[in-house]
Amino acid sequence: MSKVLEPLLVLTPRPWKWLRVLLVCAFFTAGGAWILQRENDGFDRVMAWGCVVLFGLGTLLAVLQLLPTKN
């Protein structure tokens, strides 16, 4: 006896969630870039670069999640 395979149910979050993530990450990325433009000591620059890298990746991830997918 063979079982009939049912289609896989794919759950996707609403795009509003990813838009919020995009806005927050873009805000912190811009804030880190703004800190880098100012005259700061070494520790501030390291923290600013960490902020730009971390939240820049979050911004990229949010943009990728908002792109339409093929079915």
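Let me begin by describing the structure that accompanies this report. (Residues numbered from 1 in each chain as written. Predicted model: local features only at pLDDT ≥ 70, side-chain atom pairs only at ≥ 80, totals over all residues. Heavy atoms only, no water.)

**Some thoughts on the packing of aromatic side chains**
Taken as a whole and judged by the stated rule, the model has 2 aromatic pairs. Ring geometry for F27 against F28: centres 5.5 Å apart, planes inclined by 75 degrees, an arrangement best described as edge-to-face. The exposure class assigned to F27 is exposed, which follows from its relative accessible area of 60%. Since its relative accessible area comes to 37%, F28 is described here as partly exposed. Pairing F28 with F55 gives two aromatic rings, centres 4.9 Å apart and planes at 25 degrees, and the pair type is stacked. Here F28, found in helix α1 (residues 15–37), pairs with F55, found in helix α2 (residues 42–66); they are 27 residues apart in sequence, far enough to count as distant. (Phe/Tyr/Trp six-rings, centres within 6.5 Å; stacked < 30°, edge-to-face > 60°. Buried < 20%, exposed > 50% of the residue type's maximum accessible area, 1.4 Å probe, protein only. Helix = DSSP H or I, 4+ residues; strand = E, 2+ residues; numbered from the N terminus.)

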